[in-house]
Amino acid sequence: MKSSASAPTDAAPGGAVNTPQQTPVSRPPVNARAVVSLEGVVRHFGRFAALRGVTAEVDAGRLFLILGENGAGKSTLLRIMAGLLKPTRGSITMLGSTDLREVASRMGYMGHAPLLYDELSAMENLRYFAGLYGIAQGIDTRCQAAIRLVGLDPELKRGVGQYSQGMRQRISLARAIVHDPELLLLDEPFSNVDVQSAREMARLLGNMRDEGKTIFVVTHQPVVLEAVADESLLLSAGLLAARERGLPEYMKFPYSQRADHTDADKGNDGACPGPVEGGER
Amino acid sequence: MKRFFPFFVLVTLALLCYAFYQAMYVAPTESTMGDVQRIFYYHLPHAWVAFLLFFTNFLASIWYLVRRSERSDALALASAEVGVVFCTVVLITGPLWARPVWGIWWTWDARLTSTLVLWLIYVSYLVLRRFATGAQTQVLSAALAIFGFVDVPIVYLSIRYFRTQHPQPVIAGGEGSGLDPRMWTAVLWNLAGFLSLALLLIWLRYRLALAENAVEEAHANRALGPEAEMRSGKSDGRAEAEMRVTKPDGRGSAPQSSSAPKVGKPR
Amino acid sequence: MTVMAVARRTLAKDLRLEWRAKDAVNSMLFFALLVVVIFSFSFDPTAEESRRIAGGLVWVAFLFAAVVALNQTWARELRNQVLDAYRVSPAPAVSLFLAKAVGNFILVSVLELLMTPLFVIFYNLRSVGPVYQLLLIAVLGTWALVVNGTFFAAISIRTRSREIMLPLILFPISIPALLAMVDATTSVLTGEASPRFWLQLLAVYDLVFTTVCVALFDTVINAE
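All values reported here derive from a predicted model rather than from experimental measurement.

## Section: the sheet that holds strand β2 (residues 48–59) of chain A
Residue and element names in this part refer to chain A.
Here comes step 1: Strand order in the open sheet formed by three strands is β2-β1-β4, with antiparallel pairing between adjacent strands. Both edges of this open sheet fall to β2 and β4 (89–94), since each of them pairs with a single strand only. The sheet shows a mean angle of 15° between the axes of neighbouring strands, taken without regard to direction.
Here comes step 2: As defined by bridge partners, strand β1 (residues 34–45) adjoins β4 across five bridges and the pair is classed as antiparallel. Bridge pairing in β4 places Ser37 opposite Thr93.

## Here's the deal with the environment of Val139 of chain C
Residues and elements named next belong to chain C.
Here comes step 1: By secondary structure assignment, the location of Val139 is in helix α6 (residues 131–156).
Here comes step 2: Its 15 C-beta neighbours within 10 Å are what place Val139 among the partly exposed residues.
Here comes step 3: It is 8.2 Å that separates the C-alpha atoms of Val139 and Ser109, two residues lying 30 residues apart in sequence.

## Looking at the sheet that holds strand β6 (residues 183–187) of chain A
Residues and elements named next belong to chain A.
Here comes step 1: Pairing within the open sheet is mixed, and its six strands lie in the order β5-β6-β7-β3-β8-β9. Looking at which strands have only one partner, the edges of the open sheet turn out to be β5 (107–110) and β9 (239–245). Between one strand axis and the next, the sheet turns through 15° on average, direction left out of account.
Here comes step 2: Summarising the sheet, strand β3 (residues 63–67) and strand β8 (residues 231–236) pair through four bridges and their orientation is parallel.

## A look at the interface of chain B and chain C
Here comes step 1: Counting residues at the interface gives 28 residues for chain B and 26 residues for chain C.
Here comes step 2: Among the elements of the structure, α4 (110–131) and α5 (136–165) of chain B are those that each provide at least two residues to the side of chain B that touches chain C.
Here comes step 3: The dominant element in the side of chain B that touches chain C, judged by the number of residues it contributes, is α5 of chain B, at 17 residues.
Here comes step 4: Tallied by class, residues from the side of chain B that touches chain C come to 21 nonpolar, six polar and one charged.

## Structural notes on unusual backbone geometry
All names here are of chain A.
Here comes step 1: Residues other than glycine seldom take positive phi values, yet Leu115 does so here, at roughly 55°.
Here comes step 2: For Leu115, a count of 24 C-beta atoms within 10 Å corresponds to the buried category.
Here comes step 3: At Asp180, a residue that is not glycine, the phi angle is positive and equals roughly 55°.
Here comes step 4: When you line up the elements, Asp180 lands in the loop between α4 (165–177) and β6.

## Things to note about the confidence of the model for chain B
Residues and elements named next belong to chain B.
Here comes step 1: Residues of chain B with pLDDT of at least 70 account for 81%, and the chain-wide mean is 82.
Here comes step 2: Element-level pLDDT for chain B is lowest in helix α8 (residues 238–244), with a mean of 50, against a maximum mean of 94 in helix α2 (residues 40–67).
Here comes step 3: In this model, residues 244–267 is a region of pLDDT below 50 whose contacts with residues beyond four sequence positions or in other chains number 53 contacts.
Here comes step 4: Across the assembled chains, the prediction reports ipTM 0.90 with pTM 0.83.

Definitions and cut-offs
Residues numbered from 1 in each chain as written. Chains lettered and ligands numbered in written order. Predicted model: local features only at pLDDT ≥ 70, side-chain atom pairs only at ≥ 80, totals over all residues. Pairing = 2+ DSSP bridges. Helix = DSSP H or I, 4+ residues; strand = E, 2+ residues; numbered from the N terminus. Axes fitted to C-alpha atoms, helices over the stretch in contact; angles between N-to-C directions. Buried ≥ 20, exposed ≤ 12 C-beta atoms within 10 Å, placed from the backbone. Contact = placed C-beta atoms within 7 Å. Nonpolar A, V, L, I, M, F, W, Y, C, P; charged D, E, K, R; others polar. pLDDT = per-residue confidence, 0-100.

Listed below in structure tokens is the structure:
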């Protein structure tokens with residue numbers, strides 16, 4: 001199912017924890033294939049620390065889920081990776097560069113909000129944004145292709161403000177991929193999207209991952225991506241609490257629909273409940 | 001520097017006292033306006049000091065944008081606030097002088113009007129500082145400060161020309177009016193005294209701004225969790241105590257305690 | 001894509017948006033009309049007097065209409081957070097500024113073109129001096145308001161009380177330009193003086209502040 005052979009740098013088969021105490025003092029050898037490298041990323045909003053020291057290194061060509069309860073810092077992390085926010089402390093390297101403006105053309109971002117102009121049609125929106133990425137020749141063809149790829153009709157003249165939520169999310173995704181980026185950052189792409197559309201989007205993401213793109217998805221509905229997710233990064237209260245292959249076991253159950261499972265649910269030792277015997281990844 | 005502070009205060013007081021003596025007793029009484037003219041010894045030095053302080057704000061803002069240094073931002077804020085205070089004094093002493101002498105409070109005379117515009121620009125700077133949120137406050141204010149100061153020469157030029165077109169009585173002494181040398185002495189002593197006072201006030205405000213920043217940073221460090229606070233070397237021993245007594249954190253919707261995150265057991 | 005190419009595209013997109021969202025523009029026009037009418041009620045001068053005060057009234061009215069327009073054009077970028085999409089792209093920030101400034105210039109000029117005949121009618125205005133000078137004053141003066149206004153609008157929408165912040169920080173800095181516009185207009189209308197100095201001052205103001213805006217916009221738009 002997956003292309004890359006090497007294991008993620010610091011995940012043991014059961015899932016390891018990257019707590020601050022375990023952050024090594026001496027730097028490990030730099031993983032030459034690391035497409036994203038975060039080191040001690042801290043982000044404050046006034047006195048509130050949204051991210052409290054996230055360290056991770058990820059390889060290219062995989063699809064990562066970023067999971068966590070509300071307020072864990074997922075969107076903040078994604079925005080920092082997209083270059084919209086700067087970390088208060090720590091460093092971040094994307095696609096081999098610490099200056100995110102340099103590699104902006106190789107990244108695509110889909111935000112929590114639609115990031116579209118309501119009064120313009122799908123093609124008009126895409127043409128404008130494609131132009132920002134320097135696409136000049138064949139711009140119409142590429143825009144149409146992107147819109148068709150997400151399952152919509154490029155001929156629609158209505159302003160996207162009149163689309164249904166699912167259609168808007170799909171156009172937003174089209175906008176993020178129209179310039180064929182190597183790396184995708186998607187913030188809750190499936191929110192308010194119907195099941196059928198979500199499944200199709202998930203399939204599309206899987207295909208793109210198979211082509212070699214690196215994809216990060218922040219979502220509260222990880223079950224949709226169960227078949228295509230390579231790894232899950234679990235954020236909790238601003239720290240990377242766990243990193244596992246595929247989906248965490250407890251999320252494959254009905255538990256996955258609850259975005260607010262607490263420590264009480266996890267039991268006294270902090271481990272998640274749920275039948276593990278016989279469970280296999 | 002802190003050790004010199006009491007000495008500095010004494011020097012300032014001494015200067016101000018001597019300057020007062022110079023202004024009130026030594027300087028001769030003005031021929032046409034009488035003793036009211038003595039307000040000039042406060043009006044003019046405050047104007048010069050205010051201008052100097054706004055220039056300081058300009059330089060500090062540029063330095064902040066180049067280096068993002070917290071200290072230069074603190075200096076920018078301090079110099080703007082003290083500058084506005086001194087500017088206010090100019091705007092008050094102007095009419096106080098004008099009223100007994102010319103019978104009018106205000107005439108839109110060139111210098112006074114320019115000072116009013118200057119005051120408006122820097123008050124708007126302070127308003128922006130108050131209303132901007134988050135880390136962007138400093139960058140936005142620094143940008144506005146640059147706009148403001150670049151505007152200053154244009155303000156003076158435009159108002160001067162306007163006044164030559166539409167002349168009005170001049171309050172603060174016309175262009176060509178000379179000053180008796182003994183008056184100059186009084187002006188200079190008052191300049192020294194108030195410059196010293198300005199530096200004193202800026203020093204205090206600057207220290208206050210840095211202290212406020214330090215408090216915010218301490219809070220921010222604390223929000224990172226006790227282990228991070230210890231690592232940053234800024235803890236006060238309370239962090240260790242917190243680690244031992246796990247108490248629930250009241251922050252946001254995260255039900256986690258403020259101690260180290262729970263280790264996930266292998267599944 | 002070059003700076004100018006991106007700016008052109010963004011301007012085209014903005015003009016298309018203005019056209020589609022006509023209700024925003026229409027409400028601005030109506031606001032401008034109301035301002036003119038209210039001023040006309042407040043000051044009911046003779047023909048001779050009107051030439052003296054029209055300069056001031058007209059420009060104050062334009063200023064208020066401009067502030068409404070300036071807030072609107074940035075508010076559009078905040079809806080749906082679409083400004084984020086621009087910021088993550090490699091497009092240069094200065095292109096966004098130029099596009100917005102020129103777009104605002106066009107919008108405010110349209111408002112002025114609609115308000116001026118109304119003023120002429122209500123005040124029975126007839127200019128003693130040459131009309132082309134009034135045109136020159138209008139162009140230089142509008143750009144002076146719009147260039148700083150666009151920049152400060154980008155700053156103020158990210159503060160609390162966003163709408164009121166724009167006039168608070170724009171007006172003080174615009175005072176010399178306003179003085180120039182008003183006095184120059186009065187000079188031309190009454191024919192009593194040459195507006196040459198004021199035109200030069202406006203040109204210098206425009207040059208200086210356009211440079212400062214272009215230099216600082218990137219820093220300001222990316223300040224979080």
